[in-house]
Amino acid sequence: MTLPFIDLQDVHKAYNVHRGVFRAGKLLHAVSGVSFRVPEGSTFGLVGESGSGKSTIARMVLGAEAATSGEVRVAGQSVATLDRKQRFQLRRMLQPVLQDPYSSLNPRIRVAAIVDEPLRVHRVTEHGQSLKDRVAQLLEQVGLSAETMRRYPNELSGGQRQRVAIARAISINPRCLVLDEPVSALDVSIQAQILNLLKDLQERLRLTYLLISHDLAVVSYMSDQIGVLYLGQFMEIASREDIIANARHPYTQALMAAVDSTIGEEVGRVGNAVQGEIPSPLSPPSGCPFHPRCPMAEERCRREKPALRAFGPSHQVACHFAESTR
Ligand SMILES: Nc1ncnc2c1ncn2[C@@H]1O[C@H](COP(=O)(O)OP(=O)(O)OP(=O)(O)O)[C@@H](O)[C@H]1O
Ligand SMILES: [Mg+2]
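Note that the coordinates shown come from a computational prediction; the quantities given were computed from them, not determined experimentally.

(A) Expanded view of the site of ligand 1. Contacts to ligand 1 come from 14 residues, most closely from Ser50, Gly51, Lys54, Ser55 and Thr56. A distance of 3.1 Å separates an oxygen atom of ligand 1 from a polar backbone atom of Gly53. Ser55 is positioned such that a nitrogen or oxygen atom in its side chain is 2.8 Å from an oxygen atom of ligand 1. When isolated, ligand 1 has an accessible area of 640 Å², and the protein chains bury 66% of it. Of all the secondary structure elements, the ones that give two or more residues to the shell around ligand 1 are β1 (4–17), β2 (26–39) and α1 (54–61). Counting residues per element, the shell around ligand 1 draws most heavily on α1, which supplies four residues. Class assignment for the residues of the shell around ligand 1 results in five nonpolar, six polar and three charged.

Shown next, in the form of structure tokens:
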């Protein structure tokens, strides 16, 4: 059994939201009781609609925000107990790659300075190699010519910019990338190229990935394990194979029906795309959080919140009727 590189145990994150001068603040439960493990060298995909808590989980894993309760462990260490120096060391192991290559790269500095910044911050030098040679090597690793180092971000295409962001992230030899919607801002034709680059780098550099996407096609193309989030809770967690061939939660099935991407193999379609609006996390539904939109909801779903329960060796579902959803 490989040790988990990332390990979340019953993690909650609530934000205090202020609602004007005369109204009391209210707690917004962005993440409610999330547990999962990411074995070293594997990819865990987090999928869910906007506001389901994906980026909040990413920020807690990166140590950028503290959990309200529960435990976030990275490389065996509890992130909450780290001091400044340890947090800096954590950032060396764990690098983020964010959605929008247009806004995550400073437009006024050249690619060379963007890529070598983490090297300078973390004072990493490869023995006998100049910073310039290292940058050229990193650019080559992500499929860009060494000449790219003299360019500015606005001279590059979206796909090239995301390659630069990836070169920057791998510059200090991290063990894990936290990829938050890494291809959402790109044309569909470019998405597969970037995903294939990430797969290739993972194998060559033995990286662990926490991959976030609202697109189940992206997540199922890339991931070993998949967690389906809804209003800050897991509806289903399973191996990629079980999600593709045996999804049991009506919400997972609805996400599958909505996939219209051409990435990777087709995911099996059952059920219809999800109808209606996501409820406000400030006033979540009673019982099962998905019941107001669920085509299979019964009285029990309004009253009783289903526990996330084992459905198979690598499969957990939070649905009272998981046995009869397909
Ligand atoms: N700093 C904050 N203060 C108050 N509420 C917040 C804060 N950050 C996030 N939230 C709320 O927490 C919930 C989860 O947000 P989060 O950004 O994690 O969702 P997401 O799944 O990443 O969505 P998206 O797909 O739009 O990026 C949302 O309801 C959001 O409005
Ligand atoms: Mg997000």
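Moving on from the model shown.
(B) Representation of the packing of helix α3 (residues 111–121) against helix α5 (residues 158–170) within the structure. Running from amino to carboxyl end, α3 crosses α5 at an angle of 30°, the nearest separation of the two axes being 6 Å. Classified by the interaxial angle, the pair formed by α3 and α5 is roughly parallel. Here Val111, Ile114, Val115, Glu117 and Pro118 of α3 lie close against α5, whose contacting residues are Val164, Ala167 and Arg168. Looking at the contact of α3 with α5 residue by residue, the classes come out as six nonpolar, no polar and two charged.

(C) Structural view of the packing of α5 against helix α6 (residues 188–205). Their axes nearest at 10 Å, the elements α5 and α6 cross at an angle of 20°. By the angle class used here, α5 and α6 are roughly parallel. Crossing hand, α5 versus α6: right-handed. Here α5 contributes Gly159, Gln162, Arg163, Ile166 and Ile170 to the contact with α6, which in turn contributes Ile190, Gln193, Ile194, Leu197, Leu198, Leu201 and Leu205. Class assignment of the residues belonging to the contact of α5 with α6 gives a composition of eight nonpolar, three polar and one charged.

Criteria and thresholds
Residues numbered from 1 in each chain as written. Chains lettered and ligands numbered in written order. Predicted model: local features only at pLDDT ≥ 70, side-chain atom pairs only at ≥ 80, totals over all residues. Heavy atoms only, no water. Near = heavy atom within 4 Å. Polar contact = N/O pair within 3.5 Å; in protein donor to acceptor, adjacent residues only side chain to side chain. Areas by Shrake-Rupley, 256 points an atom, 1.4 Å probe, with all protein chains shown as cover. Helix = DSSP H or I, 4+ residues; strand = E, 2+ residues; numbered from the N terminus. Nonpolar A, V, L, I, M, F, W, Y, C, P; charged D, E, K, R; others polar. Axes fitted to C-alpha atoms, helices over the stretch in contact; angles between N-to-C directions. Parallel < 35°, antiparallel > 145°, perpendicular 65-115°, else oblique. Contact = heavy atoms within 4.5 Å. Left-handed = near helix turned anticlockwise from the far one by under 90°.

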